[in-house]
Amino acid sequence: MQKNLLKHLIACLILLGVSITLSSAQNVTLTGTIYDSNRQPLPGVSVVIEGTTKGTASDMNGGYAIKDVAPGTYTLVASFIGYNTQKLTVKAGGTSNPIANIVLTENTVMLNTAVAIGYGKTAKKDLTGSVTAITNKDFNKGNVVSPAQLIAGKIAGVNVTQGTGAPGSSARIRIRGGSSLNASNDPLIVIDGVPVDNNTLSGSADPLSMINSADIESMTVLKDASAAAIYGSRAANGVIIITTKRGSGNRLSVEFNSTNSIGRINKTIDVLTGDEYRAMLDTLGASSNDTLGNFKRRLLAGTANTDWQDEVYRQAFSSENNLSIAGGIKQLPYRINIGFLKQEGVLDRSLMDRFSGGINLSPTFFKDHLKVDVNAKYTVAEFFFANQGAIGSAVTFDPTQPVLADSTSELYNGYFEWLDNKKKPNVLAPRNPVGLINQREDNSSTNRLLGNVQLDYKMHFLPELRTNLNLGMDKSHGQGNVMVPATAASDFFSKGTSSEYVEDKSNQLLEFYFNYLKQIKAHKIDVTAGYSYQDWIRERPAFPRFTAAGDSVLAPAGIPFKTQNTLVSFYGRINYSLLQKYLVTVTVREDGSSRFSPENRWGTFPSVAFAWRAIDEFRPNNWLSDLKVRLGWGITGQQDILSDYPYIPNYSQGDSSSMYQFGNTYYNVLRPDGYDANIKWEQTETQNIGIDFGFIKNRIAISLDLYKKSTDDLLNTVPVPAGTNFTNNVLTNVGAIENKGIEVSINTIPITGKNIEWELNVNGTYNKNMITKLTTIDKDNDVGVLTGGIGGGTGNTIQVHTVGYSTNTFYVYKHKLDANGNPIQPLAVSGAKQDTVQFEDLNGDGQITSDDRYRYKNPEAPFFAGLTTRFTYKRISFAMGVRGAFGLYIYDNVNSQLGNKINLDASKNYINNVTSDYLTTNFKRPLYFSDYYIKNASYVRIDNISLSYDFSQLTKKFGLRAGVFVQNAAVFTKYKGLDPEVAGGIDNNVYPRPRIMGLNISLSL
């Protein structure tokens, strides 16, 4: 039996070996070469057997080999970025290795991608101006509340300064630098064809935060005048066109996205702890001759160790959930979305709840001759505004005092407060930070309806001619109330306060334009001509302010406010193309604004641009895949001058300091405002030279732009002769500003293959800003216009506008340094002697006066850059965004106020904390205008990091992706303050931005 078993085993092994040999002999290797349309080999092309994961990538010579393929008929799928995917059926059998060569044709979809340019779209390859479009797949990810955060660091020439950490806070957007001193420097925002108002509504936050970022499909930035002049008097600061998502096709698509995160502040102002404070007082007592002062300080100091910043800040939770349903019923594509956002602020009690809903319908009629686009978005937001005065108070308040003096007392609700000898709040002392937050109720709600109906009709008798009618509106209603109890120390003397407010805004739009598009052999003509009417109304009733009990009026209701302005426009554009190689765009817009007198009401804004698609001169070419040269010139305007009636004499309500008494009652008075009958819009002329490169089948794409922006008729406040107006200074058109710069954008795909892809994009901008004129007759010794109010003293400013310098240049004294490079401290509390010792006598007159101040640096970084990268391997995705600003300087107003001995003055029966900077300088008094406080704030910020995994292969029936992210991950800077990124350049009482860590889950059907 054992012999028979052995025979059977040997036979089985022989048969198995024969089977393996035969099987191996039957399997083949699929080989071939991948070529482009010019028969040049293509490396890095993914070649996969359809329906399987079996595949490879072509080598440097375009060759590929898929080994160990069983006999049969297969479909090979070859794909490569920038080329059309190609399928090829091959038959594998016998012992031969079949050769399957594949030719890929260039994919022109990328170049033909439609880009919004204002009143229409054009192919990317036909653009003549400086235009950048970012789609939703490239947006910054994470806890994104405002649309501005989606493009931060991604576009050359566009500098997005993040808002504060307050829920719904706005971000400052600057496109190629600021063009104005006293008018708006914000770009025009157009949402689905409706230009919207950027002014904040009472009781709201950033107007853009009322738009659900999850609904945005793309954002297109028109940077130069040749691209933006179609918007005329509102385009001097550039234009951002936001397009929201739409439904398409007949397939039902359901998507749900949930983002949940935790935010924490990662840095606080460096002030002394309670123990450090007491130790400092001991040191002062031992080394100072001020015996009485030191005794009183020690008497006022407590025994607690209170970190007031820790008391007012918290860990903040945010949750955003969005559901969208899209599809189509016959010829009715639709998309419906709802979203809910709950965003807590890191300052205790601050909160924003936002509910948003939207619908888009895109039906077509008459065999697609009539296209209808209906958009409606409704948002309800509720805010709790925590008292931000607690931020500054938390820095200054004595750390040796407890939060609660007597938890059982109704007086000041038990909070410790500095009191006088009558147990009433010391009117000069700061208030308890925790008390400021917990004893103020500030609630508001905002409703916004934004929508439009757009009818686009292609003529039956002349299909080249289209007409477009756009009816839009943007309506907002905000209301709120503020309540402070009578027991709160902050409003003790008024017995508390109770007030309310209401505001309504209405924006209505009617636009109609014709478009004629005709291709005649080598000529392509695209003509647009239209009319626009837009009307804004803003209304605010007046309410009296009461005591907390409502039993008496603290301030009368005053006068209700209502204002209206209207803009009427005619515009036209001609796009001409010859041989699809030479492109010309000519635009003109005529605007009439009610904000100006009839003599100055109308303005003309022309532009012209030329582009040469030079790549056609170099075909065929193995390494150069795109080359285009662009030239542009144009004039745009700025009519957002912050007032609707600046050309006529108006009366406005006086403030509390100018009330008039009748009997025992004080009444507000009406006072005349200054005016300029000849005021008109600012006008900006832009010149642009650009060149676009593409290398290695556009795996490397480079855009380079050089520009110059010159703003004339700049609005500036200048003195007027006494008796000629209702004010000593009047806002009028007298100045000029110039911005020059260079932008570079580099988009690359270093690695691409079957299961792997790496994208790396870098952009950088250099912008030089300079004032070239400020008054009718500029004088060599003219200081300029003082600006930049700071905390400390009364009416102090730290910046100046001067001809020959950048706007908002810091205007300071030059501080002397000792042998160790430390600033010399004042010798006395007052007197000219100590000033002479510590500051440089720059004009050499032997004394220190305001004439010794000099212009030193400015708060706008001349160079800023961004880097984004995205790496995918199979189902894993990693993305990171980095921003940086270089040559950036800010004024450290926190240390200039709190880094001196005056804060320890006990003569007023209270003491304040000091920053640790005092231990370095030992300044005896505030030196607000010292250049010591102008700090280099250049930084590199890792804005966001995300890592996600696609679980769809496990779920089969639905898509599932989950990921984690970090926002504001790290900041690298020499600046020792809270945050180097401060809009305006004055660091004072800023609501800190948190570091946010979160989880995102996306489901799709």
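Residues numbered from 1 in each chain as written. Predicted model: local features only at pLDDT ≥ 70, side-chain atom pairs only at ≥ 80, totals over all residues. Heavy atoms only, no water.

Right, let's get into the overall build of the protein. Helix and strand counts for the protein come out as twelve helices and 52 strands. Here the protein has a C-alpha radius of gyration of 34 Å; the compact-globule value for 1005 residues is 30 Å, and the two agree. Projected onto its principal axes, the C-alpha coordinates of the protein cover approximately 115 × 90 × 65 Å. Looking at the protein residue by residue over its 1005 residues, the buried ones come to 49%. Across the protein, contacts joining residues at least 24 apart in sequence account for 69% of those joining residues at least 6 apart. When the accessible surface of the protein is split by element, carbon and sulfur atoms take 57% of a total near 45900 Å². Taken as two groups, the 97 positive and 90 negative side-chain charges of the protein have centres that lie 8 Å from each other. (Helix = DSSP H or I, 4+ residues; strand = E, 2+ residues; numbered from the N terminus. Rg over C-alpha atoms; globule rule 2.2 N^0.38 Å. Buried < 20%, exposed > 50% of the residue type's maximum accessible area, 1.4 Å probe, protein only. Contact = heavy atoms within 4.5 Å. Areas by Shrake-Rupley, 256 points an atom, 1.4 Å probe, with all protein chains shown as cover. Lys, Arg positive; Asp, Glu negative; His and termini not counted. Charge placed at Lys NZ, Arg CZ, Asp CG, Glu CD.)

This model, assessed by the stated rule, comprises 24 aromatic pairs. Both rings, one in phenylalanine 693 and one in phenylalanine 695, keep their centres 5.8 Å apart while their planes meet at 15°; by these two values the pair is stacked. The class of phenylalanine 693 is partly exposed, set by a relative accessible area of 26%. Between tyrosine 813 and phenylalanine 839, the aromatic rings sit 4.8 Å apart at their centres with planes inclined by 15°, giving stacked as the arrangement. Here phenylalanine 839 lies in the loop between α9 (832–838) and β44 (854–855) and tyrosine 813 lies in the loop between β43 (809–812) and α9, a separation of 26 residues in the sequence. In this arrangement the basic side chain of arginine 853 is found over the ring face of phenylalanine 929, its NZ or CZ atom lying 4.5 Å from the centre. Above the plane of the ring of tyrosine 805 lies arginine 855, whose end atom (NZ or CZ) is 5.3 Å from the centre. (Phe/Tyr/Trp six-rings, centres within 6.5 Å; stacked < 30°, edge-to-face > 60°. Lys NZ or Arg CZ within 6 Å of the ring centre and 35° of its normal.)

Most of helix α7 (residues 389–396) sits out of view: six of its eight residues are buried. Among the residues of α7, those classed as buried are Ala390, Ile391, Ser393, Ala394, Val395 and Thr396.

On their own, these measurements won't tell you what the molecule is for.
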